[in-house]
Amino acid sequence: MSPRHNRPRGGETPDERPGTGLDRFGLERTEEYQGEEWKVRHVAGAAAAGKRYRCPGCDQEIPSGTPHLVAWPEYGGVDDRRHWHKACWNAKDRRTTKVQRSRNAPKY
């Protein structure tokens, strides 16, 4: 009996399927925000271990190991990437433009 092969038929690897939004880094999609196209990628909690980010939607810290989203303008560079809570990204159109930071919030 020959060994079982767990490979997709047709010669494609799962992360090369066109039109599925899958790439080698994870699930990525394009959304419109503030009149331009943004790339949005999910970040698993394990991939964010050891790092902390500040969400631009709520101005709160995203703790290390917390699943979240990374969004950047389609033609932006590495410096344009922003890490968002998933709920904050989904509510971005309902929020005001001025987020007020509390007195005891860190400045970084």
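Residues numbered from 1 in each chain as written. Predicted model: local features only at pLDDT ≥ 70, side-chain atom pairs only at ≥ 80, totals over all residues. Heavy atoms only, no water.

Caption draft 1: Inspection of a negative patch on the surface at higher detail. Residues Glu 32, Glu 36, Glu 37, Asp 79 and Asp 80 make up a contiguous surface patch of negative charge. Among the structural elements, Asp 80 can be located in the loop between strand E6 (68-73) and strand E7 (82-84). Assessed through its relative accessible area of 34%, Asp 80 is described here as partly exposed. (Patch = residues over 30% accessible without salt bridge, like charges linked within 9 Å, V, L, I, M, F, W, Y side chains within 5 Å. Areas by Shrake-Rupley, 256 points an atom, 1.4 Å probe, with all protein chains shown as cover. Salt bridge = Lys/Arg side-chain N within 4 Å of Asp/Glu carboxyl O. Lys, Arg positive; Asp, Glu negative; His and termini not counted. Charge placed at Lys NZ, Arg CZ, Asp CG, Glu CD. Helix = DSSP H or I, 4+ residues; strand = E, 2+ residues; numbered from the N terminus. Buried < 20%, exposed > 50% of the residue type's maximum accessible area, 1.4 Å probe, protein only.)

Caption draft 2: Summary view of unusual backbone geometry. Its identity is not glycine, yet Gln 34 carries a phi of approximately 55°, on the positive side. Looking at where Gln 34 falls in the secondary structure, it is placed in the loop between strand E2 (26-33) and strand E3 (36-43). One non-glycine residue, Asp 59, lies in positive phi territory at about 60°. By the secondary structure assignment, Asp 59 is in the loop between strand E4 (53-54) and strand E5 (61-62).

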